[in-house]
Structure formats: C-alpha cells, structure tokens
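The lines below spell out each chain.
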Amino acid sequence: MRPTKAVIDLAALRHNLERVKTIASDSKVMVVVKANAYGHGLVEVAKALPSADMFAVASLDEALILRQAGIRQDILLLEGFFQAKELPIIQRNQLQLVLHHQAQIEQLAAYQTITSDPNPIKVWLKCDSGMYRLGFALEQVAAAEKALSALSIIEQPIKLMSHFACADSDQEFSQAQISKFAEATQDLVGQRSMANSAGILTQPNAHWDWVRPGLLIYGASPMLDSMASDFGLQPVMSLESQLMAIKPIRQGQSVGYGRNWFAKTNGNIGLVAIGYGDGYPRHAKNGTPVWVNGRQVPLVGRVSMDILAVDLGADSADNIGDRVVLWGKELSMETVATFADTIPYTLCCGVTSRVPFEYINADDSHHD
Ligand SMILES: Cc1ncc(COP(=O)(O)O)c(C=O)c1O
C-alpha cells in the first residue's frame, strides 16, 4: 500500500485547547473548525474537544455535519446566512448567526412574521473595525443593534464581534482596531469577541468574552517569526510517507521536471511517495527541509504529482521504506510554509482527499 498518510494527534489537539484556555483564562473559547477543521477532519476534531465552549464554521453544511455527528455545543455560522430559506434550518438546529449587512436584518424581520418556531435565534453583530471584509461600518453599529433589539425572534442582548486584519504583523493597527470596536460598542451590553489566534497571542486586552482560535488549536503559529512550540503548543498533523526508491546521482545530473536542480557532487537521491496530488505544495523551493531518519535533508527538483525527491547525501545509510515526515512534530509546518512562500493554513487545508487519515490518542486518558 502507498505509505502516504496524515496522522492526527488528538491528544495534541486537546493539549492546545487547554493552552489557549490558559492564555485567555478569562474568556470562553470558540474553536474554529471551518474548512474541514483546517484540513484535520471536522467531525473527528469536534468530537475530540468536548471542553470547547463552542465551534465556529463557515457554512450551514459544515454546521449540519456537526449536528448530525451528535455535536451538542453551540455552533456559530461565521458568514451568517446566505438565503432566507436557510433560517428555519438554522433555528431548528439552534445555530448562531453572524449578521454583517442590513439585508440580513430585514430578512430576519420578515421571517419573524411567518415562523411558528418559538426558539430564539442567537446572533452576533459583526463590526468592521478595519478589516474591510464582512461587517457593519462602525457608525452603523448602534442603529443595526437597535433594529435587532426590536425583533422578538432574536435573543437579547445582541452579541458583538469584530476581526483583526493584521494581529500577526501590525500591533499599532490592531490596537487602533480594538479602540474603535470598543468605542462603537461602548453603550451596548452584549458579549464581545475579537481575537483570532494572532490576536490571542499579541492582544490580551482584546480577549473579551470569547476568543476564536483556529490555527493555534492545530498547533501552528500564525506569526511568521515564531513557532507553535514558543507558545507551548504541539503540532497536531503529521504528514508522512516513506522513501520509495534510492538512486545514486552523479555530479551535473539533474532531477525532475524542468531540470531545475543539478547535483553539485556525486550522491544519493531519495524518492518520496508524496506530491502535489496529496497536497504537498508544488512551489516548495529547492532546499525545503524534509525529515528523514532523524535529520533534515533538502528537497531537490520540482515536486511532481505523486513523488518528490530529496538529496540524501553521499554518505546516505537510508533504506527504501524508511519513514519521511513532510511536516509534523519533527519538522514544523511553519518552516515548510516559509520555503513554499505560503502560510501554515494553506498547507494543512490543502491535504487532498486521497491521503488516508489516521487518528491517534483519541482516548482522553492519554497524558502528554
Ligand atoms: C471571523 C474569524 N474568526 C476567527 C478565525 C480564526 O483564525 P485563526 O486560524 O487565525 O485563529 C477566522 C479564520 O479565518 C475567522 O474568519
């Protein structure tokens, strides 16, 4: 069998949630599990986190998968609803909504007149404090809140949220966002949420009632100049394969499509059974580290769909079948992301469906 697999360590996942709870000790934690839990497996991740106070997803489909799997915690739809016909399903499944534009309030007002479901809908008013993505402009927040407060179908008080544009890189701008959000909502009493992973680490005064970590829970750092281990977090995903062939190479010979790497000396090339068809980034540069037998060796030549090559060196004592780690505990996703001109988010989200997933340490009694 092809040895490529993603190993998901559920004990590391639980550990990371506890770390976030320690870092944001006065806040509740809404674990962001959108995009198939950042590629880690939506249901498996949610089931492994009974102590998550809430989950956040991007779509109704994701939320319903969680409900069908028996997940009972509150679930927030980060993008709200797209069409009014979703509202009965949202209400029946007790999903919470982000509201980010006026038409949604009007649709809720119309829905209130036709529904016979007595369950209130819980909503979060999204305030745009500088991301310029979803959300009400700050000067519209008070009026939107007032309009929502008048709707009996909506649970009161209205909860309030905003989102950082660059908590990983620009602390001055982030602090300005915090002040603006605080000012726009100063007369409102609802619970507040602002901090994503970078905000949790860099802006403790923005932890407020709820933090919304994604990447930290999966054991990677959102900041370019740091590693998850700097914050006591453990990588959750390990993308692994094996050496499927080893070949001698002579000085001057090239490896792979396009001939973009030439051997400077005689040596040995290891062929690893993984490629961009599995989600390993095709644009990873020559020299991207790959872990083999306790050391890091450089990726050489272009990554192809099913195979990549590494330089094992002239003294290689490696064997076919030896374990190779593309990222995981032995080699951080953050490091690989830098060599591939990307961020850890795209690496874990990008593992493709042909890769088998193995879940380890599901048992809660496992201690790290
Ligand atoms: C609104 C919102 N909150 C929180 C998060 C979690 O972000 P991160 O993974 O950086 O913690 C996201 C993810 O993009 C988001 O869109």
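Every chain is numbered on its own, with residues counted from 1 as its sequence reads. Local features in a predicted model are, by the rule used here, given only for residues with pLDDT of at least 70; side-chain atom pairs are given and counted only at 80 or more, and totals for whole chains, interfaces and linings are based on all residues. Heavy atoms from the whole structure form the basis of all side-chain values; hydrogens and water molecules are not counted.

Asks: I keep staring at the pairing of strand 14 (residues 295–300) and nothing clicks. Help me out?
Replies: Across a regular strand the side chains alternate sides, sitting on one face of the sheet and then on the other. Relative to strand 14, strand 13 (residues 289–292) runs antiparallel, the two being bridged by four bridges. Note that in strand 14 the partner of V292 across the bridge is R295. Between strand 13 and strand 14, which pair antiparallel and follow one another directly, the connecting turn spans two residues, one of which, N293, has a positive phi of 50 degrees. Two strands pair when backbone bridges link them, and strand 14 and strand 15 (residues 308–311) are joined in this way by two bridges, in the antiparallel orientation. In the sheet register, V300 faces strand 15, and the bridge partner there is A309. A pair of strands counts as paired when DSSP detects no fewer than two bridges linking them. Strands are runs of DSSP state E lasting at least two residues, helices are runs of H or I lasting at least four, and both sets are numbered from the N terminus onward.

Asks: Would you mind showing me how to read the packing of aromatic side chains here?
Replies: Between two aromatic rings, the relevant description is the distance of the centres plus the angle of the planes. The rule is short: rings of Phe, Tyr and Trp, with Trp giving its six-membered ring, pair when the centres are within 6.5 Å, and they are stacked under 30 degrees, edge-to-face over 60, tilted in between. Applying the stated rule across the entire model yields six aromatic pairs. Pairing W124 with W210 gives two aromatic rings, centres 6.2 Å apart and planes at 80 degrees, and the pair type is edge-to-face. Taken together, the positions of W124 in strand 6 (residues 123–128) and W210 in strand 10 (residues 210–211) put the pair 86 residues apart, joining distant regions of the chain. Between F181 and W208, the aromatic rings sit 5.2 Å apart at their centres with planes inclined by 85 degrees, giving edge-to-face as the arrangement. One end of the pair, F181, is in helix 8 (residues 171–184); the other, W208, is in the loop between helix 9 (197–202) and strand 10, with 27 residues separating them in the sequence. Among the aromatic residues, ring-to-ring pairing joins Y38, Y218 and Y345 into one connected group.

Asks: Explain the state of the cysteines here, please?
Replies: Think of a disulfide as a covalent bridge from one cysteine sulfur atom to another cysteine sulfur atom. Throughout, a disulfide means two cysteine sulfur atoms within 2.5 Å of one another. Tallying each qualifying case throughout the model produces zero disulfides. Here C348 stays unpaired: no disulfide links it, and the sulfur of C349, its closest cysteine neighbor, is 5.0 Å away. You can call C348 buried: its relative accessible area is 0%. Under the relative-accessibility criterion, C349 is labelled partly exposed at 39%. In this scheme, a residue with accessible area under 20% of its type's maximum is buried, one over 50% is exposed, and one in between is partly exposed, where area comes from a 1.4 Å probe on protein chains only.

Asks: I tried to follow the environment of Q175 on my own but got confused; where do I start?
Replies: Residue position: Q175 is located in helix 8. The sequence separation of Q175 and Q203 amounts to 28 residues, and the corresponding C-alpha distance is 7.8 Å.

Asks: Please clarify how the environment of D53 should be interpreted in this entry.
Replies: Along the chain, the position of D53 falls in the loop between helix 3 (42–47) and strand 3 (54–57). Judged by relative accessible area, D53 falls into the partly exposed class, the value being 32%. With 167 residues separating them along the chain, D53 and A220 place their C-alpha atoms 21 Å apart. The residues touching D53, leaving out its near neighbours within four places in the chain, are K21, K28, V29, Q73, D74 and W210. One polar contact links the side chain of D53 to the main-chain amide nitrogen of V29, over a distance of 2.8 Å. Two residues form a contact once any of their heavy atoms are found within 4.5 Å. Side-chain atoms alone can form a polar contact between residues adjacent in sequence; in general such a contact is a pair of N or O atoms within 3.5 Å, and within protein one must be able to donate a hydrogen while the other accepts it.

Asks: Teacher, can you tell me more about the nonpolar core here?
Replies: Soluble, globular proteins show a tendency: their nonpolar side chains are buried together. As used here, the term nonpolar core means buried Ala, Val, Leu, Ile, Met, Phe, Trp, Tyr and Cys residues forming a set that is joined through side-chain atoms within 4.5 Å. Counting 111 residues, the largest nonpolar core has V33, L148, Y280 and W327 as the members making the most contacts within it. Top element by residues in this core is helix 1 (residues 10–23). It accounts for five residues. Boundaries of every domain are those given by an automatic assignment or by a domain database. Among the domains, domain 1 (10–218) and domain 2 (237–360) are the pair contributing at least three residues each to this core. Once residues lying within four places of it in the same chain are set aside, the contact partners of W327 are M237, S238, L239, G279, Y280, P281, S332, M333, V336, L347 and V351. One finds I249, W261, A263 and A309 within the second-largest nonpolar core, a separate group that totals eight residues.

Asks: What should I look at first to understand the site of the ligand in this one?
Replies: Working definition: residue near molecule or strand if any one of its non-hydrogen atoms lies within 4 Å of it. Taken together, 14 residues lie near the ligand, and K34, Y38, S197, G214 and Y345 sit nearest. Here L215 contributes a backbone N or O atom positioned 2.9 Å from an oxygen atom of the ligand. Amino acids are sorted into nonpolar (Ala, Val, Leu, Ile, Met, Phe, Trp, Tyr, Cys and Pro), charged (Asp, Glu, Lys and Arg) and polar (every other residue, Gly among them). When its residues are assigned to classes, the shell around the ligand shows six nonpolar, four polar and four charged.

Asks: Hey, could you run me through the domain arrangement of the protein in this one?
Replies: A common measure of how large an interface is: the accessible area buried when the components associate. Under the domain assignment, the protein is made up of domain 1 (10–218) and domain 2 (237–360). Its C-alpha centre places domain 1 at a distance of 38 Å from the equivalent point of domain 2. Every contact between the two is made by 10 residues of domain 1 and, on the other side, nine residues of domain 2. Summing the contributions of domain 1 and of domain 2, the shared interface buries around 880 Å²; its carbon and sulfur component is 67%. Three residues stand out in domain 1 for area buried against domain 2, namely Y38, H40 and L215, and they jointly supply 51% of the buried area on that side. In this structure, the connection of domain 1 to domain 2 is made through two residue pairs in polar contact (both at pLDDT 80 or more). Put simply, the parts of the chain that give the side of domain 1 that touches domain 2 at least two residues each are helix 1 and helix 2 (34–39). For the side of domain 1 that touches domain 2, the residue count by class is six nonpolar, three polar and one charged. The term buried area refers to how much accessible surface (probe radius 1.4 Å) is lost by two components on association, counted for both of them together.

Asks: Looking at this structure, I do not really get unusual backbone geometry. What am I missing?
Replies: Peptide bonds are, in most cases, trans, and in most cases residues other than glycine have a negative phi. Looking along the chain, the bond that leaves Q156 and enters P157 is cis, with omega of -10 degrees. Positive phi outside glycine occurs at Q94, with the angle close to 50 degrees. Residue N293 is not a glycine yet carries a positive backbone phi of 50 degrees. Tracing the sequence through the fold places N293 in the loop between strand 13 and strand 14. By relative accessible area, N293 is classed as partly exposed at 39%.

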